[in-house]
Protein chains: 2
Amino acid sequence: MDYLFSDKISALQPSAIREILKAASEPGVVSLAAGNPAAESFPRAAIAAITAEILAQNPVAALQYGISEGYEPLRLEVAGLLARRYGVGRDFDRVLITSGAQQGIDLVTKVLCNEGDVVLCENPSFIGALNTFRSYNVRLRGVDLESDGLDLAQLEAALRTEKKARFLYLIANFHNPTGLCTSLAKRREIYALARRYGVLILEDNPYGDLRFAGEDLPSLKSLDTDGLVIYVGSFSKIIAPGLRVGYVCLPEPVAQKVTVAKQAADVHTSALAQMICELFLRRTDLDEHFRGLRDIYRRKCGLMLDAMSALFPPAVTWTRPEGGLFVWSTLAPGADMLGFCRSAAAARVAVVPGNAFLVRPDDACRSLRLNFSTPTDEQIIRGLEILAELLA
Amino acid sequence: MDYLFSDKISALQPSAIREILKAASEPGVVSLAAGNPAAESFPRAAIAAITAEILAQNPVAALQYGISEGYEPLRLEVAGLLARRYGVGRDFDRVLITSGAQQGIDLVTKVLCNEGDVVLCENPSFIGALNTFRSYNVRLRGVDLESDGLDLAQLEAALRTEKKARFLYLIANFHNPTGLCTSLAKRREIYALARRYGVLILEDNPYGDLRFAGEDLPSLKSLDTDGLVIYVGSFSKIIAPGLRVGYVCLPEPVAQKVTVAKQAADVHTSALAQMICELFLRRTDLDEHFRGLRDIYRRKCGLMLDAMSALFPPAVTWTRPEGGLFVWSTLAPGADMLGFCRSAAAARVAVVPGNAFLVRPDDACRSLRLNFSTPTDEQIIRGLEILAELLA
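Residues numbered from 1 in each chain as written. Chains lettered and ligands numbered in written order. Predicted model: local features only at pLDDT ≥ 70, side-chain atom pairs only at ≥ 80, totals over all residues. Heavy atoms only, no water.

Peer 1: Teacher, can you tell me more about the pattern of salt bridges here?
Peer 2: When their charged atoms lie close together, side chains carrying opposite charge are able to pair. With the rule as written, the count across this model stands at 44 salt bridges over all chains. When the shortest N-O distance is used, the salt bridge between B:Asp216 and B:Arg211 registers 3.4 Å. What emerges from the salt-bridge pattern is a single network uniting A:Asp93, A:Lys221 and A:Asp224. (Salt bridge = Lys/Arg side-chain N within 4 Å of Asp/Glu carboxyl O.)

Shown next as C-alpha cells:
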C-alpha cells in the first residue's frame, strides 16, 4: 500500500530537537538539550491533595464531557488572574482553555491562515511553534532578533511587503531559544507597527512568571487597546506540563472561531486536569509559589553562567537571561557549530544546534541552546566541563 | 478591527447539537439530546484510588512532559488488548495515544487530506467527525445507510467517480446517530471495495464494547491484511470521557505522520490521564466491567424502546439498537420533523433533529436522534410522554 500524505504534512519532519532528545534520553548522556521545567518545581503534594479532593467531592464534573470553551471556574480564575496581575484582557476579550499553549498556537493558526499565507516571527524562534505553522503550509518570514527584541527596520519591511501576513508570532519574555527579553520601548513600537499594518500579534508567554532578575515588563497584550493581540499562556512552567493545560486570551470574534476549531480538534481539554489547575490557583499563594520557582531557576542559571565564565574560552559568547529556562551560546567566528554539537553528542553531552530554531535551518548559524532547568547541578557542571574541553 | 478567517474555518458553524445542548442544559429541560455516557457508569472509586497511587508513587511521570506517541505502558496495554480481545493490529501497525478519539479523527484528516480532497462517509454520520472533516475544507460525499450498513452500489459508484477520495469514514458498531450495525457480510464487501479502489478506511469504534444484545462482529480493522484501515478507539465510553484519552491503531507510515502532527497539535495527551487509563486497564477485570456497563445500557435502552412502543403512534418508526447510546426515530411520511423538534423544545424536551447528521443538512429528513444513556429513568419516561403528546 502506497500512502499519500497532505502537502501540509508531507514536508514536515520530526523536529531536530526531538531526535536529539531521543539520543539524550540514553543512559549516561548529560542532556543540556531539554526544555522541561525542573521536576523539583512541581507542587506534588498540593496536586495530590487537590486531585483527591476533586475525585471525592466532584467526580462527575471531572469525568464527564465538558464544554469546548473550557471549565467555567478555571476560565474565570484565569481571566481574573490575567487582569489583576498583568493588566491583560479587556471587555472585547475572552479566555479559552486549551490543551497546553501548543494547542492555542495550533488552533489560532488553523483559524487565521490559509495555505500560502505568511506568519512573521522572530528568527530564531521556538521550534514547536514553527513546526505548527509549517503543518498548515504557511510561509514563515523571519525577522532577526537583536538583544532587545526584533530588528524594527526588518519588521517594518516585512509588514510592508508581505501582503498575506496574517500575524506576528513572538515570545517577548525569556525567548526560546535565546533567553532574551523584548524591551518595553520595542514592545510599544512593535504594537504600533502591527496596528499600522493591520496585522495581528500572537504573543506566547510561557515563561513570564519565571523572572529571577530585573523588573517585569508589560506584555504586548496589556497594551492592546485595539483587539490586535492574541495572548497564549500555559500552566506547564508554573504547575506541571504533564497536565497539558494552557489558555488563550483573545478578542471575542477570534475566540468564537477558535472554539469551533477546538471542538473539532479534541472536544475539550481533560476536565480533571482543568479542575486541578483551577483549585491550585484558588488555593495557592502565587507570590510565594513563584518565589520558590524563581529561586530554583536563579540558582541553576547562575550555576550554568558561572561555570561557562570559568570554563569557556573568551571567543565564545552567551546571553545572560533574567528568567526562563535557556542560555544561547555563540561560538567563535569561523567555528563549525554543527560539528561541535556532533562532537558533544559523541562525548555524551546533548545540546541543541541553533539552526534548529531558524526559519531556514540550512542558514549559517554559530549558536546553540543550553538548558539549565532539567539537568541536576552535577550534570550542568559535568556537561559544561566536557563542552569546554571540546572548545579548547 | 476586522478579523479575516481561513477558508476552512469560515464556513464552519458551531454544531446544531451544541446549540441544542446549550438550550438542553437549562434547568427543567428533559434532554434526550446528549451523547454522554451514563454518569453512573464511571468507575469513580477505582479512578480515585488509582490516581492517588500514581501521584504518590510516580508523580514526576504524571507531571513532566512525555513523548508525542503516548505513554509507553499505555500503548503496550492498548496494543495487547486490541490484539487479544479483537484481533486488531498486525506487524505493520502501531498504536498511538490521542486526546480522545476526536483527535485521532482530526490528525488523520490533517495528515491525509488537502483542501478539496474528498472524504466518503455514511449519511447520516457523527456530526463531530463531519465537522472535523469540514474544518479541513474537504468535500464530503455521503453514502446512504441501510439497516445493515452502507448501500454498496452507492459506495462503489462513489469510489469509482471520486478520484480525490482519501478515505471512507464509518462507525460499524452502534452507529451514531442511528444505533445500527454493519453486517459482517457488508464489512467484508466494504473492505474488498476499498482495497480494489485503493482508498483507506477510517473505522471509528467508540461504542464497540457496549453491545448489550446479539453477537460481537469482527471490526474492519481485524480484516485488514493490507494496511488499509485506520482504527480509532476511545476510553470515553468505557472509563470516562472527561479524561480525554483515545487511541489509533494504524499502519506505521501513517503513524509516523500522525505523530508529527500530534506533536504540533498538543505535544502529547495529559500524562496523568494516560496513566489513569493504563492502570485502570491493568487492574480491572474488563469482562466484569463491561458486563456492568452493558447492564446499565441494556436497561435504559429497553426502557426507552418499551415506552416508545407503548406511547408513540404506529406511523412513527425507530431502530432497535443492540448496543451504544442512541435510538433513531423516523416520523410519519409528510411530517415536519424540524417543526416537531422545535415544538418539543418549547415543551422542554430536547432531541436532535436528524438533519444535523447529514452531509447536506438542508436535505429532507424525517428522523431524529434520541439518547438513552444520559437521562435518568424518570426523564426518559417523562420526555417520551411529552413527545408522544406532541405526536398524537
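Peer 1: Hey, could you run me through the domain arrangement of chain A in this one?
Peer 2: Size of an interface: often given as the accessible area lost when the parts come together. Residue and element names in this part refer to chain A. As far as domains go, chain A holds domain 1 (13–43 + 288–391) and domain 2 (44–283). Using C-alpha coordinates to define each centre, domain 1 is positioned 25 Å away from domain 2. In this complex, domain 1 contributes 33 residues to the contact, which on the side of domain 2 involves 36 residues. For domain 1, the biggest contributors to the area lost against domain 2 are Pro-43, Glu-322 and Val-359; these three give 25% of the whole. The interface formed by domain 1 and domain 2 includes one salt bridge. The partner of Glu-322 in a salt bridge is Arg-211, and the shortest N-O contact between them spans 2.9 Å. At the junction of domain 1 with domain 2, the criterion picks out 18 residue pairs in polar contact (both at pLDDT 80 or more). Of all elements in the fold, only α2 (16–24), α12 (286–311) and β11 (326–330) reach the threshold of two or more residues within the side of domain 1 that touches domain 2. By residue number, the principal contributor to the side of domain 1 that touches domain 2 is α12, which donates seven residues. (Domains from an automatic or database assignment. Contact = heavy atoms within 4.5 Å. Buried area = accessible area lost by both parts, 1.4 Å probe. Polar contact = N/O pair within 3.5 Å; in protein donor to acceptor, adjacent residues only side chain to side chain. Helix = DSSP H or I, 4+ residues; strand = E, 2+ residues; numbered from the N terminus.)

Peer 1: It is not clear to me how the sheet that holds strand β8 (residues 229–234) of chain B should be interpreted in this structure. Could you clarify?
Peer 2: Across a sheet, paired strands are connected by hydrogen bonds in the backbone, their directions being either parallel or antiparallel. Residues and elements named next belong to chain B. As summarised here, the arrangement of the eight strands in space is β2-β9-β8-β7-β6-β3-β4-β5, forming an open sheet in which the pairing is mixed. This sheet does not close on itself; its edge strands, each paired only once, are β2 (93–98) and β5 (149–150). In this sheet, β5 lies alongside strand β4 (residues 139–146) in antiparallel orientation, the contact comprising two bridges. In the sheet register, Leu-145 faces β5, and the bridge partner there is Leu-150. (Pairing = 2+ DSSP bridges.)

Peer 1: It is not clear to me how the relation of the copies chain A and chain B should be interpreted in this structure. Could you clarify?
Peer 2: Related by rotation about an axis and a shift along that axis, the two copies of the chain form a pair. Between the two copies, chain A and chain B, the superposition gives an RMSD of 0.0 Å; the rotation angle is 180° and the shift along the axis is 0.0 Å. These values place the two chain copies in the arrangement generated by a two-fold rotation axis. When you check the interface residues of chain A against chain B, 100% turn up at the interface there too, and the contact is symmetric in its surfaces. (Least-squares fit on C-alpha atoms with pLDDT ≥ 70 in both.)

Peer 1: What's the story with the interface of chain A and chain B in this structure? I'm lost.
Peer 2: In this assembly, 78 residues from chain A lie in contact with 78 residues from chain B. Each partner contributes to the roughly 6,300 Å² buried at the junction of chain A and chain B, and carbon and sulfur atoms together form 60% of this total. Between chain A and chain B we count two salt bridges in total. In this structure, the salt-bridge partner of B:Lys110 is A:Asp106, at a minimum N-O distance of 3.6 Å. For the interface between chain A and chain B, the tally reads 36 residue pairs in polar contact (both at pLDDT 80 or more). Going through the elements one at a time, α1 (7–10), α2, α3 (44–57), α4 (59–63), α6 (100–112), α7 (127–134), α10 (252–266) and α11 (271–283) of chain A are the ones with two or more residues in the side of chain A that touches chain B.

Peer 1: Would you mind showing me how to read the sheet that holds strand β14 (residues 367–371) of chain B here?
Peer 2: Residues and elements named next belong to chain B. Spatially, the four strands line up as an open sheet ordered β10-β11-β14-β13, and their pairing is antiparallel. Whereas interior strands pair on both sides, the edge strands pair on one side only; in this sheet they are β10 (317–318) and β13 (352–353). When β13 meets β14, the two strands line up antiparallel, connected through two bridges. Its bridge partner being in β14, Val-352 is matched across the sheet by Arg-369. This element, helix α12 (residues 286–311), spans β10, β11 (326–330) and β14 of the sheet and lies at about 20° to β11. (Axes fitted to C-alpha atoms, helices over the stretch in contact; angles between N-to-C directions.)

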